[in-house]
Amino acid sequence: MNKLLIHIITGVENPSRAVLGFLIAKTALEEGKEVTVFCAGEGVSCLHESTINEMQGVGLGKLSDYLSVLKNGGANFFASKMSANSRGITNQQLESLGFTPATPKMLVNIIFESDKIVVY
């Protein structure tokens, strides 16, 4: 199976770009690919509960819709715990959203396990 890593480093400052990353992840999952989403840097700003429900890209739909499909489809979710904690998101909040709090070492391991990597 092809393994795709979507590394989302863009957040609320550019909602269309960030949501597009989740759309591509959803599309790959629907095409039978193994998908991992890793949010880091500003990308974790997408993971505030209020943001998830309100954030949408121009012509792309809501982030919450893509997250729902990805979760139900078995995508893997990781978020930088350093980035999250510095933006007021706790490990418990990440876990409640289905994201595993992760370290830079974990990201490196995921990169080397992936066949393709796309950064948004």
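Report on the accompanying structure. Numbering of residues begins from 1 in every chain and follows the order in which that chain's sequence is written. Totals for whole chains, interfaces and linings use all residues, but because this is a predicted model, local features are given only for residues with pLDDT of at least 70 and pairs of side-chain atoms are given and counted only at 80 or more. Only heavy atoms go into the side-chain values, all of them from the structure, while hydrogens and water stay out.

**Things to note about the overall build of the protein**
So, step 1. Each helix corresponds to a stretch of at least 4 residues labelled H or I by DSSP, and each strand to a stretch of at least 2 residues labelled E; elements are numbered beginning at the N terminus. Counting secondary structure elements, the protein contains six helices and seven strands.
So, step 2. The globule rule used here is 2.2 Å times the number of residues to the 0.38 power, and the radius of gyration it is set against is calculated over C-alpha atoms. Its C-alpha atoms give the protein a radius of gyration of 13 Å, within 12% of the compact-globule value 14 Å for 120 residues.
So, step 3. For the protein, buried positions account for 45% of its 120 residues.
So, step 4. What makes two residues a contact is simply this: any of their non-hydrogen atoms within 4.5 Å. Considering only residue pairs separated by 6 or more positions, the protein has 72% of its internal contacts joining residues 24 or more positions apart.
So, step 5. We treat Lys and Arg as the positive residues and Asp and Glu as the negative residues; His and chain ends play no part in the count. To locate a charge, take NZ of a lysine, CZ of an arginine, CG of an aspartate or CD of a glutamate. The average position of the 10 basic charges and that of the 11 acidic charges among the side chains of the protein differ by 5 Å. Exposure classes here rest on a 1.4 Å probe applied to the protein chains alone. A residue is buried below 20% of its type maximum, exposed above 50%, and partly exposed in between.

**Observations regarding the environment of F78**
So, step 1. Considering the arrangement of structural elements, one finds F78 in strand 5 (residues 76-80).
So, step 2. On a C-alpha basis, the gap between F78 and G98 in space is 8.3 Å, while along the polypeptide they are 20 residues apart.
So, step 3. Sequence-distant contacts of F78, defined by excluding residues within four places in its chain, comprise T36, V37, F38, C39, F99, T100, A102, M106 and I110.

**Quick notes on the sheet that holds strand 1 (residues 3-8)**
So, step 1. If you walk across this open sheet you meet the five strands as 6-5-2-1-7, and the pairing is parallel. Where the open sheet ends on each side, the last strands, each with one partner, are strand 6 (100-102) and strand 7 (116-119). Sheet twist, expressed as the average angle between the axes of neighbouring strands with direction ignored, equals 25 degrees.
So, step 2. In this description, strands pair whenever DSSP reports at least two bridges between them. As defined by bridge partners, strand 1 adjoins strand 7 across four bridges and the pair is classed as parallel. Whenever a helix is involved, its axis is fitted only over the stretch in contact; in every case the axis is a line through C-alpha atoms, and angles between N-to-C directions fall within 0 to 180 degrees.

**Observations regarding a nonpolar patch on the surface**
So, step 1. Side chains of I9, V108, I111, F112, I117 and V119 sit close together on the surface and give an oily, nonpolar patch of about 530 Å² of accessible area.
So, step 2. Here the element with the most residues in the nonpolar patch is helix 6 (residues 104-113); it accounts for three residues.
So, step 3. Counting through the fold element by element, F112 comes out in helix 6.
So, step 4. The class for F112 is exposed, based on a relative accessible area of 71%. Patch definition: residues above 30% relative accessible area lacking any salt bridge, with like charges linked at up to 9 Å and the nonpolar side chains Val, Leu, Ile, Met, Phe, Trp and Tyr linked at up to 5 Å. Here the accessible surface of atoms and residues is derived via Shrake-Rupley with a 1.4 Å probe, and residues count as covered only by protein chains that are part of the display. A pair is scored as a salt bridge if a Lys or Arg side-chain nitrogen falls within 4 Å of a carboxyl oxygen belonging to Asp or Glu.

**Details of the environment of V118**
So, step 1. Residue position: V118 is located in strand 7.
So, step 2. Residue classification places V118 among the partly exposed positions, given a relative accessible area of 26%.
So, step 3. Remark: the alpha-carbon pair of V118 and E31, spanning 87 residues in sequence, is separated by 16 Å.
So, step 4. Setting aside residues up to four positions removed in sequence, V118 forms contacts with L4, L5, I6 and H7.

**A short note on the pairing of strand 2 (residues 34-39)**
So, step 1. The buried fraction of strand 2 amounts to five of the six residues, a majority that puts the element mostly inside the structure.
So, step 2. Here six bridges tie strand 1 to strand 2, and the two strands are oriented parallel to one another. Considered in strand 2, the bridge of L5 is made with T36.
So, step 3. When the strands point away from the viewer, a crossover counts as right-handed if the path from the first strand over the helix to the second runs clockwise. Handedness of the crossover joining strand 1 and strand 2 through helix 1 (residues 15-30): right-handed.
So, step 4. Of the strand pairs in this sheet, strand 2 and strand 5 are connected by four bridges, and their pairing is parallel. Among the inter-strand pairings, C39 is bridged to a residue of strand 5, identified as A79.

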